[in-house]
Amino acid sequence: MQDHKHTDHDEHHDTNHDGHDHSHHGHDHSHMIEDFKKRFFVSLLVTIPILILSPMIQNFLGVNWRFTGDMYLLFALSTFIFFYGGKPFLKGSFDELKQKNPGMMTLIALAIVVAYVYSSLTVFGLPGSNFFWELATLIVIMLLGHWIEMRSVMGASNALEELVELMPSEAHRIDENGEISDVQIKELTEGDQVLVKPGEKVPVDGIIIKGQSTNDESMLTGESVPVEKEIDDEVIGGAINGEGSLTVSVMKTGEESYLSQVVTMVKEAQESKSKTQNLSNRAAKWLFYIALAAGIMTLTVWLMLGESFNYALERMVTVMIIACPHALGLASPLVVARSTTLAAKRGLLIRNRTSFEEARKLQTVVFDKTGTLTEGKFGITNIHLEEGFEEDDVLMLAGSLEGESEHPIAQGIVEDVKKRGITFERPETFESLTGQGLQGKVKDKGVKIVSPGYVDEQQISYNRDTFEQLSSQGKTVVFVIVDDKLAGMIALADKIRESAKQAITDLDNLSVQSMMLTGDNKKVAKWVADQLGLDDVFAEVLPHEKADKIIEIKEKGLEVAMTGDGVNDAPALANADLGIAIGAGTDVAMETADVVLVKNNPNDVVSILSLSKSTYRKMIQNLWWATGYNIVALPLAAGILAPIGIVLSPAVGAMLMSLSTVIVAINARFLKA
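As recorded by an unreviewed UniProt entry, the chain carries the name P-type Cu(+) transporter and is attributed to Pelagirhabdus alkalitolerans. As recorded by UniProt, the Subcellular location (unreviewed entry) comment attached to the chain reads in full: "Cell membrane".

Visitor: In this structure, what is going on with the overall build of the chain? I would like to understand it.
Guide: Helix and strand counts for the chain stand at 25 helices and 22 strands. Here the chain holds 673 residues, and 55% of them are scored as buried. Across the chain, every contact between residues at least 6 apart in sequence was considered, and the portion connecting residues at least 24 apart equals 70%. Of the accessible surface of the chain, which amounts to about 29600 Å², a share of 54% is contributed by carbon and sulfur atoms.

Visitor: Just checking my understanding: could you explain the side chain of threonine 47 for this structure?
Guide: Relative to the assigned elements, threonine 47 resides in helix α1 (residues 24–53). Residue threonine 47 is classed as buried on the basis of its relative accessible area, which comes to 4%.

Visitor: Help me understand the sheet that holds strand β9 (residues 246–252), please; the structure alone is not making it clear to me.
Guide: Two strands in a sheet stick together by hydrogen bonds in their backbones, pointing the same way (parallel) or opposite ways (antiparallel). Reading across from one edge, β2-β1-β3-β9-β4-β7 is the order of the six strands in this open sheet, with antiparallel pairing throughout. Each edge of the open sheet is held by one strand with a lone partner, namely β2 (180–184) and β7 (234–235). With three bridges connecting them, strand β1 (residues 170–174) and strand β3 (residues 193–196) associate as antiparallel partners. The residue of β3 that forms the bridge with histidine 172 is leucine 195.

Visitor: What am I meant to see in the sheet that holds strand β11 (residues 364–367) here?
Guide: Read from one edge to the other, the open sheet built from seven strands follows the order β10-β22-β21-β20-β11-β18-β19, with strand pairing classed as mixed. Each having just a single partner strand, β10 (348–350) and β19 (536–538) make up the two edges of the open sheet. Across the sheet, the axes of successive neighbouring strands diverge by a mean angle of 20°, strand direction being ignored. Pairing geometry for strand β21 (residues 578–582) and strand β22 (residues 595–597), over three bridges, is parallel. In the sheet register, isoleucine 580 faces β22, and the bridge partner there is valine 595.

Visitor: Looking at this structure, how should I read the nonpolar core?
Guide: Side chains that are nonpolar tend, in soluble globular proteins, to be buried together. Membership of the largest hydrophobic core comes to 114 residues, with the highest contact counts inside it found for Leu135 and Ile608. Not counting residues within four places of it along the chain, the set of residues in contact with leucine 135 comprises Ser78, Ile81, Phe82, Ile112, Ala115 and Tyr116.

Visitor: Can you walk me through helix α10 (residues 279–304) in this structure?
Guide: Structurally, the α-helix is built with 3.6 residues per turn, so residues lying three or four positions apart point the same way. A rise of 1.5 Å per residue sets the reference length of α10, with its 26 residues, at 38 Å; its end C-alpha atoms lie 37 Å apart and thus fit the reference within 8%. Positive backbone phi, at 90°, marks glycine 306, one or two positions downstream of α10.

Visitor: Would you mind showing me how to read the confidence of the model for the chain here?
Guide: Predicted coordinates in regions of low pLDDT should not be interpreted in detail. On average, the chain scores 82 in pLDDT, and the residues at 70 or more come to 85%. The weakest mean pLDDT in the chain belongs to helix α7 (residues 159–165) at 52; the strongest belongs to helix α3 (residues 70–84) at 96. Below pLDDT 50 for its whole length, residues 1–26 participates in 75 contacts with residues either more than four positions away or in separate chains. Low pLDDT (under 50) marks residues 272–276, which in the prediction has nine contacts with non-local residues, meaning those over four places away or in another chain.

Visitor: Looking at this model, I keep getting lost on the UniProt feature "transmembrane region" (unreviewed entry) in the chain. Mind explaining?
Guide: If you check UniProt for "transmembrane region" (unreviewed entry), the listed places come out as residues 40–60, 72–90, 102–119, 131–148, 286–305, 317–337, 623–646 and 652–671 in our numbering. As a span, residues 40–60 carries 95% helix and 0% strand, and end to end its C-alpha atoms are 25 Å apart. Between the end C-alpha atoms of residues 286–305 the distance is 28 Å, and the span holds 95% helix and 0% strand.

Visitor: Explanation requested: the packing of α10 against helix α11 (residues 309–322) in the structure shown.
Guide: Between two packed helices, what matters for the description is the angle formed by their axes and the separation of those axes. Closest axis-to-axis distance for the α10/α11 pair is 8 Å, and the angle between their directions is 160°. In terms of orientation, α10 lies roughly antiparallel with respect to α11. Two packed elements cross with a definite hand, and for α10 against α11 that hand is right-handed. Here Ala291, Leu292, Ala294, Gly295, Ile296, Thr298, Leu299, Trp302 and Leu303 of α10 come into contact with α11, specifically with Phe309, Tyr311, Ala312, Leu313, Arg315, Met316, Val319 and Met320. For the contact of α10 with α11, the class distribution of residues is 14 nonpolar, two polar and one charged.

Visitor: Is there a simple way to think about the pattern of salt bridges in this case?
Guide: Pairing between side chains becomes possible if they bear opposite charge and their charged atoms approach one another. A complete count under the given rule lists 18 salt bridges for this structure. One salt bridge in this structure joins aspartate 192 and arginine 173, with 3.6 Å as the shortest N-O distance. With a gap of 19 residues between them, aspartate 192 in the loop between β2 and β3 and arginine 173 in strand β1 connect regions that are remote in the sequence.

Visitor: Can you help me understand the side chain of glutamine 58 in this one?
Guide: Looking at where glutamine 58 falls in the secondary structure, it is placed in helix α2 (residues 55–61). By relative accessible area, glutamine 58 is classed as buried at 3%. If near-sequence neighbours (up to four positions away) are discounted, glutamine 58 is found in contact with Ile52, Leu53, Val63, Asn64, Trp65 and Arg66.

How each quantity is defined
Residues numbered from 1 in each chain as written. Predicted model: local features only at pLDDT ≥ 70, side-chain atom pairs only at ≥ 80, totals over all residues. Heavy atoms only, no water. UniProt positions renumbered as here; feature names shortened; annotations may be inferred. Helix = DSSP H or I, 4+ residues; strand = E, 2+ residues; numbered from the N terminus. Buried < 20%, exposed > 50% of the residue type's maximum accessible area, 1.4 Å probe, protein only. Contact = heavy atoms within 4.5 Å. Areas by Shrake-Rupley, 256 points an atom, 1.4 Å probe, with all protein chains shown as cover. Pairing = 2+ DSSP bridges. Axes fitted to C-alpha atoms, helices over the stretch in contact; angles between N-to-C directions. Core = buried A, V, L, I, M, F, W, Y, C linked by side-chain atoms within 4.5 Å. Expected span 1.5 Å × (residues − 1). pLDDT = per-residue confidence, 0-100. Parallel < 35°, antiparallel > 145°, perpendicular 65-115°, else oblique. Left-handed = near helix turned anticlockwise from the far one by under 90°. Nonpolar A, V, L, I, M, F, W, Y, C, P; charged D, E, K, R; others polar. Salt bridge = Lys/Arg side-chain N within 4 Å of Asp/Glu carboxyl O.

If you want it as structure tokens, here you go:
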């Protein structure tokens, strides 16, 4: 059993960092949103005179507002909107084509380049109608769609910076004369000695050469119980020291340290994570190829039929512009905006849209234990009393004495006793028994709360069968002695979340497997797994092995989600098809995850699956409405019904386009969680 020591939890967050701006990714993302917003509003203002000046729109409205030089003014305004409003799409298409992976940006760029070049040529002598109004409205709608989408899903990953922030920037180095000076971590070398004060973060990986304490490594390794540390034990940089002072000999610094290795794993996992395009991008990719093929075919067929080059060219341009429907630009963003809002109301923050879309395919959900399926803190699970003692009396004495200690076991007892409505008494005396527990006087009674080791040492008899049974479940057992008589045993364990039981049941009903992956010991893991009815459990798994386990499960052909809250979960979260972070966990886990559960409720994993499925259905509907316009408009624009005198005019094309855009917008609003 751990020694009941005082731990200054308030100091855990007081560590100074190196002063670097770790939020620049977030700032860049905010800047991009502002950029799209600005380009949208400026382009919208310029589009109004373009629509008024367009002969095609004037004909449609039955008015004539023509004047000398109006086409040159129209050309100037359209040139501005093409280069200013169209810049993100032109640049984006260049990046997509460089990666040989055309998508939405390339489709938009194709339409606006064709519209701009052809329309400019008509201003300077080429017979035909200009499409400047199509160019302007397409750019405005697409800018609006991207702005809505980016605003809905803000989530640039700062995982690596957050990992680095876990490390203190300075250490107390002890020189040969025993003098202590504060130095930067990077100045430390192997063999240096550093002092770790109570409540501080351990600055480096090393070996204890002096002192005794407990280290909270739960966020690093998943070990739910603070680990007792003494001379010759290893400590991990980033762990939180308990109430004892430690002198540590530096073993690993820089890239060799535990946290640096985790950084490397997260980086590699993020780089190797599937580059799958989201749904609308995949649709845009096919439309790009269709637009190119249909345009070239239209030009070729009309020339073969003996039509003039100018007529054939106008048909080709019409086809290639129509191939990029305005509705496509809003089909996905409006659904994303709606689903993001619904998710936020449920306490789900979507950070990676593509992974969220794919969540509908999940076959396995892997949970971390400490802080995810469990509350990450001790609670009383069993009380075994000796004859002649009442439960409330024993708990009052134990709670009163433990109330003087900051140890996690003490806090667990105190919290549970308080919940039972039992009133504490102030101890008249209080003393820590090094490595064995505590003792004191409460209401004139001598009270001791001690470890099994103390009881054996004092040769106090107790029910060994009960003790062995509780210990085999991975529970921590303490003994309460009152006036030198054994009053009973109190068993404590990391409490299972009530919501976890419901989550496992609901996943089982959806035919989704539930597994647990933990750094904690096998006894504890098995007890939790048995309580919840999990399909499989992996215990005593090191952080890098967690990532390997996820890859191993994926190699079986299963779509995997990983749910966790600690640094040790970050590489696994990054490797999973869907990484889900519990909101009360580390910033690292949250920054690595695709979805964050704000309410710390494992049952919200089920909500992610159901919302992903309904979002996907709505996106498919919207894409059909958007591309359905193409199915009708493309052949007509190409002139397939020209022999019977039916050719789609750009004005009618505009009406169809507007109708599909309105339908898509209304349909998105009907998305229900």
